Amino acid sequence: MSVEIVRDLRGLHTSIARHRNGPLNTAASLAIVPTMGAIHKAHEKLIMEAKRNADIVLATIFVNPMQFGKNEDFNKYPKSEEEDIKRLESKGCNIIYIPNVETIYPDGFDLSINVPKLSSILCGKKRPAHFEGVCTIVTKLLLQSGADYAVFGEKDYQQLLIIKRLVKNLDIPCQILPIETVRDENGLAISSRNQYLNTENRNIANNINKIMKNAADNYKNKDIESTINLVKNNFLDSGIKKIDYVEIRKGENLDVISNNDKSNARLFIAVYISDTRLIDNIKL
Ligand code: PAF
């Protein structure tokens, strides 16, 4: 059966009901892969993980205005619907939900979901209201679809932990499945925003992973502050002019880490290359 494209809630519900009762049995499980489109290799991995776990795979394409700040890239966010549909279908997606803004945020919409503590640090500190926008759309998509599973990438590690907390605290019966960051041949974390990078920018960006791996290799022998300074200095030497943050935090809850207990640490970074903000994280 070819992929079914739906654009409103009624279409979504009808399609899910048909897939659950149709060629598959009534107990068929559903996995959702929320995306903002501009589908790339990392999204394809999310779809494959969804397929491995569930009978029906639903991808969503929605560039969510609520998670963009005033001066961010909402208006220029890459759009490639036709190509996205082909790629999602080729990976075995059953349903693609492509709502418009009015469908998600109809007149009179007045709600926001917040996971305040986890959202106040790292990217949340730099992009106020970003995670509120993410939590609101993800809650809507999980409730609209009734998915049993939802797949998210570790590239957005903070987002992943926030969504896990959201689902737990709201008792949403959906299991969150994480997948490891997908990287290109230079180690650069694959992201839709990489499209903004010209050749010169890309050459600079190709150093990010090497610098982070070097920090991981030397982590045992250094204190936290020296590791952070090493990464910052290496970033500046590599041509990165603006560092948003370099932090080391606990992988399980993003708590700050001390030199007395350096276990289960992750390195989190956000940098600007020209106007493009890139984030990454690795286990130390
Ligand atoms: O990670 C993303 O692409 C977005 O934040 C998400 C989860 C699709 C919500 O808009």
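Structure report, in brief. Computed from a predicted model, the values in this text were never measured in an experiment.

Further remarks concern the site of the ligand. In the vicinity of the ligand, the contacting residues are Pro 34, Thr 35, Met 36, Gln 67, Val 134, Ile 137, Phe 152 and Gln 159. Separating an oxygen atom of the ligand from a side-chain N or O atom of Gln 67 is a distance of 2.6 Å. Taking Gln 159, its side chain carries an N or O atom lying 2.8 Å from an oxygen atom of the ligand. Isolated, the ligand exposes 290 Å² of accessible area, and the fraction of that covered by the protein chains is 88%. Broken down by secondary-structure element, the contributors of at least two residues to the shell around the ligand are strand S2 (30-35) and helix H7 (130-145). Within the shell around the ligand, the residues separate by chemical class into five nonpolar, three polar and no charged.

This brings us to unusual backbone geometry. Phi angles above zero are rare outside glycine, and Asp 171 is one such case at about 55 degrees. Relative to the helices and strands, Asp 171 is located in the loop between helix H8 (157-169) and strand S6 (175-179). Although it is not a glycine, Leu 254 sits at a positive phi angle of roughly 65 degrees. Structurally, Leu 254 is set in the loop between strand S7 (242-250) and strand S8 (265-273). Here Leu 254 falls in the buried class, since its relative accessible area comes to 1%.

Calculation notes
- Residues numbered from 1 in each chain as written.
- Predicted model: local features only at pLDDT ≥ 70, side-chain atom pairs only at ≥ 80, totals over all residues.
- Heavy atoms only, no water.
- Near = heavy atom within 4 Å.
- Polar contact = N/O pair within 3.5 Å; in protein donor to acceptor, adjacent residues only side chain to side chain.
- Areas by Shrake-Rupley, 256 points an atom, 1.4 Å probe, with all protein chains shown as cover.
- Helix = DSSP H or I, 4+ residues; strand = E, 2+ residues; numbered from the N terminus.
- Nonpolar A, V, L, I, M, F, W, Y, C, P; charged D, E, K, R; others polar.
- Buried < 20%, exposed > 50% of the residue type's maximum accessible area, 1.4 Å probe, protein only.

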